Every structure is written in C-alpha cells, then in structure tokens.
Amino acid sequence: MAAGDRVTLPGHIQYGDELLLGPGTPFRWRTLSGWEDLPALDSGSINRSDAHGSYPGRLLAQPRTITCDEVIVRAPAATIGATVRTLNAATTVVEDEQPLVVWLDDRGPLLAYARVVRRAVPVGLGYRLGTITGAAIQWEASDPRRYSLAEQQVETRLPMAEPGLDFHLDPGPERLDFPLDFGAPGSTGTVVARNEGDAAAHPVITFRGPVALPSLTDLGTGDVLEYDIELAADDTLLVDTAAGTVQLNRTASRLYTATARSVPENTFTLAPGTALLSFRAAPGSADPRASCSVRWRSAYW
C-alpha cells in the first residue's frame, strides 16, 4: 500500500499501512501540534566582538515533533480491546521511520517520515463502555520537511543534433516530395525540475549507460555532480543526494569516483521554484541509449 492510500478526507491522518485516524474511524482527534509549526532551529550565528549584533550563520532545522492530543477512541464495548490492540500494534517501537500523511484542509495531504516516540491510552470509567478520551500519540521525524505525495520525475538523453530536413532527392533529376520529413527531434540534454514547495528538496539521480564521465549540472546555481566512471549499457549509477550515497547497480558504492568539480552529494538540492538541469558526459560520449533521470518530491517547511 502506498503512503496516503487510505487518506481520503480532510481530517485524516495515516501512519504506516495500518493506522488511520479521523472521520469514519474508531480514532478521532481534536488537536495536532508540530505539523504546521516551523521546526526548532539551530543557529550558526556568531556574536560580533566589536559591534552590536552578530555575523549571520546557517539556520539548520532540528527533527520535527508532531503530537496528536485529545484522541478519542470509540468502539462497541465488546470490541474495545481489539480496537486498542490495533492502535497499540500500529504505534509500537520500530527502527525505521514510517510514512505519516496528514490532510488538514484544501491544500491536500502532505507526507513526512516519522516514528512513534510516545503513546498514551488512559484507562477510565468509560473504557469498559467503549469510550476512551484523552489518548495521545507523538511522532518524531528526523527529516523535518514535509513532502507532496506525488513524486515527480524527468529524464533526458545526451545532447544530439537533429538529422535535418530530408528533401527526398532520388538519383537523377532532383525532385521534392511532400510531406517534408524533418527527421526525429534531437536532444538538448537539459530538463526542467520544479519544486512547488518552500523548502529545498533532495533529488534522486540515476545515470544509465553506456556513458563515460556522467555529470548533472544545475545551470542556476552552478552545482555539479560528476563521476569518473564508465557505465556499460546495462549499468546504472544511483545518486541519493539526501543520503549522500552513490551506488553502482544498487550494490557497490562508487562515492570515491566523484571528481574535483563535483559538490558534496547532500548539498545538491532543488531550491523552491524551477531548476534547469544539464546532463553531460566525456567528449565523444553520444550513445542515444545513455540517459539521466531525476526524481523528487516538492518539499515544505
């Protein structure tokens, strides 16, 4: 099941594949904190020693803490135990973060990756009657950004010239036949990637062979990812800029093949707005099978 498959209405919160809170479920909630808030920030600013104020430094966001308070659990008295068991199983301790999808309003749902760090299920007089009030669930997302559910992807080939106009010149007297054949379109080797959010997004980049010295350049910032490697026709080089990894055929690290022109992988991001990306390779590399694809989700604070 894909993230957010069960989220169909404003007011729905889905965690992982099993837990859905909101309208039409046994789990209703009244307040959600930390979702629309700006996460806590670490400031790299340094106070000036000879003047008022400071030298501005980088602002780096801390993990996002999301708390769903005042959760109300309602079920028939005969099945309240099974309902609580479902809640407990879906909010147990896990090592890997799970998709957390929240749909609040007309903007649609957004996605974060988080783990449950607190669960409270108070037992009072209403428990035996099938009503639990004052329950709470708290998540922590190591990546504080929120993402669109839809993943976007663009792909391009190496630059290739168009073959040009075919005048259908047969041997003997020249003649011109219609319709004119302008040939297959060429490739510019550039693509447009649009991040519709307000936070920088980390793309996943895949180079496919046959190609030597593949590179991707953000023409707006000048940032380059370039690798001194030769890929065969069935090879792929996967660059995960969020994790900072470079893998050949998803198995062997090739991080060490980054050239001196290449920026650190985790600094190559798509800023909010439109980015023009250029795919290039070593001189003489012009195989039409070579390609570069870029995947990303729009990111929001």
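These numbers come from a predicted model, not from an experiment.

1. Let's talk about the overall build of the protein chain
Tallying secondary structure elements over the protein chain gives one helix and 26 strands in all. Relative to a compact globule of 301 residues, whose C-alpha radius of gyration would be 19 Å, the protein chain shows 26 Å and is clearly more extended. Relative to its 301 residues, the protein chain shows a buried fraction of 38%. A fraction of 68% describes how many contacts in the protein chain between residues 6 or more apart in sequence connect residues 24 or more apart. Summed over all atoms, the accessible surface of the protein chain reaches about 16400 Å², with 53% contributed by carbon and sulfur. Computing the positive centroid from 26 side-chain charges and the negative centroid from 36, the protein chain places the two 10 Å apart.

2. Re the packing of aromatic side chains
How two aromatic rings sit relative to each other is given by the distance of their centres and the angle of their planes. Summed over all chains, the structure comprises three aromatic pairs. Among the aromatic side chains, those forming a connected cluster through ring pairs are F207, Y227 and F279. The positively charged end of R48 is found above the aromatic ring belonging to Y55, 4.3 Å away from the centroid. The lysine or arginine in question, R146, covers the ring of W35, its NZ or CZ lying 5.4 Å from the ring centre.

3. Remarks on the sheet that holds strand 25 (residues 291–296)
Pairing in this open sheet of six strands is antiparallel, and the strands run 14-25-16-21-22-23 from one edge to the other. Looking at the sheet topology across the chains shown, the edges are occupied by strand 14 (152–157) and strand 23 (252–253). Alignment of strand 16 (residues 204–208) against strand 25, held across five bridges, turns out to be antiparallel. Each bridged residue has a counterpart across the sheet, and for T206 the counterpart in strand 25 is S293.

4. Some words on unusual backbone geometry
The omega angle of the peptide bond from G209 to P210 is 5°, so this bond is cis rather than trans. Tracing the backbone through its elements, the reader meets P210 in the loop between strand 16 and strand 17 (211–212). Positioned with a positive phi, R250 is a non-glycine residue whose angle comes to about 65°. Checked against the element boundaries, R250 lands in the loop between strand 22 (245–248) and strand 23. Take R250: its relative accessible area is 58%, and that puts it in the exposed class.

5. Looking at the nonpolar core
Counting 28 residues, the largest nonpolar core has I13, L19, L21, L100 and W139 as its most contacted members. Sorting the residues of this core by element identifies strand 1 (13–15), strand 2 (19–21), strand 9 (64–74), helix 1 (80–90), strand 10 (98–103), strand 11 (109–120) and strand 12 (131–141) as the ones contributing at least two each. It is strand 12 that provides the largest number of residues to this core, a total of five residues. Each residue touching L19, except ones within four places of it in the same chain, is listed here: R6, I13, Q14, F27, L87, A90, T91 and I137.

6. Some thoughts on the pattern of salt bridges
Tallying each qualifying case throughout the model produces nine salt bridges. With a shortest N-O distance of 3.0 Å, D143 and R145 are connected by a salt bridge. Residue classification places D143 among the partly exposed residues on the basis of a relative accessible area of 23%. Given a relative accessible area of 12%, R145 falls into the buried group.

7. With respect to the sheet that holds strand 18 (residues 215–218)
Reading across from one edge, 15-24-18-19 is the order of the four strands in this open sheet, with antiparallel pairing throughout. Taken across any chain shown, the strands that pair with only one partner, and hence form the sheet edges, are strand 15 (190–195) and strand 19 (224–226). Looking at each pair of strands side by side, their axes are set apart by 20° on average, direction ignored. Of the pairings in the sheet, the one linking strand 15 to strand 24 (residues 273–280) comprises six bridges and is antiparallel in character. Among the inter-strand pairings, A193 is bridged to a residue of strand 24, identified as A275.

Rules used throughout
- Residues numbered from 1 in each chain as written.
- Predicted model: local features only at pLDDT ≥ 70, side-chain atom pairs only at ≥ 80, totals over all residues.
- Heavy atoms only, no water.
- Helix = DSSP H or I, 4+ residues; strand = E, 2+ residues; numbered from the N terminus.
- Rg over C-alpha atoms; globule rule 2.2 N^0.38 Å.
- Buried < 20%, exposed > 50% of the residue type's maximum accessible area, 1.4 Å probe, protein only.
- Contact = heavy atoms within 4.5 Å.
- Areas by Shrake-Rupley, 256 points an atom, 1.4 Å probe, with all protein chains shown as cover.
- Lys, Arg positive; Asp, Glu negative; His and termini not counted.
- Charge placed at Lys NZ, Arg CZ, Asp CG, Glu CD.
- Phe/Tyr/Trp six-rings, centres within 6.5 Å; stacked < 30°, edge-to-face > 60°.
- Lys NZ or Arg CZ within 6 Å of the ring centre and 35° of its normal.
- Pairing = 2+ DSSP bridges.
- Core = buried A, V, L, I, M, F, W, Y, C linked by side-chain atoms within 4.5 Å.
- Salt bridge = Lys/Arg side-chain N within 4 Å of Asp/Glu carboxyl O.
- Axes fitted to C-alpha atoms, helices over the stretch in contact; angles between N-to-C directions.

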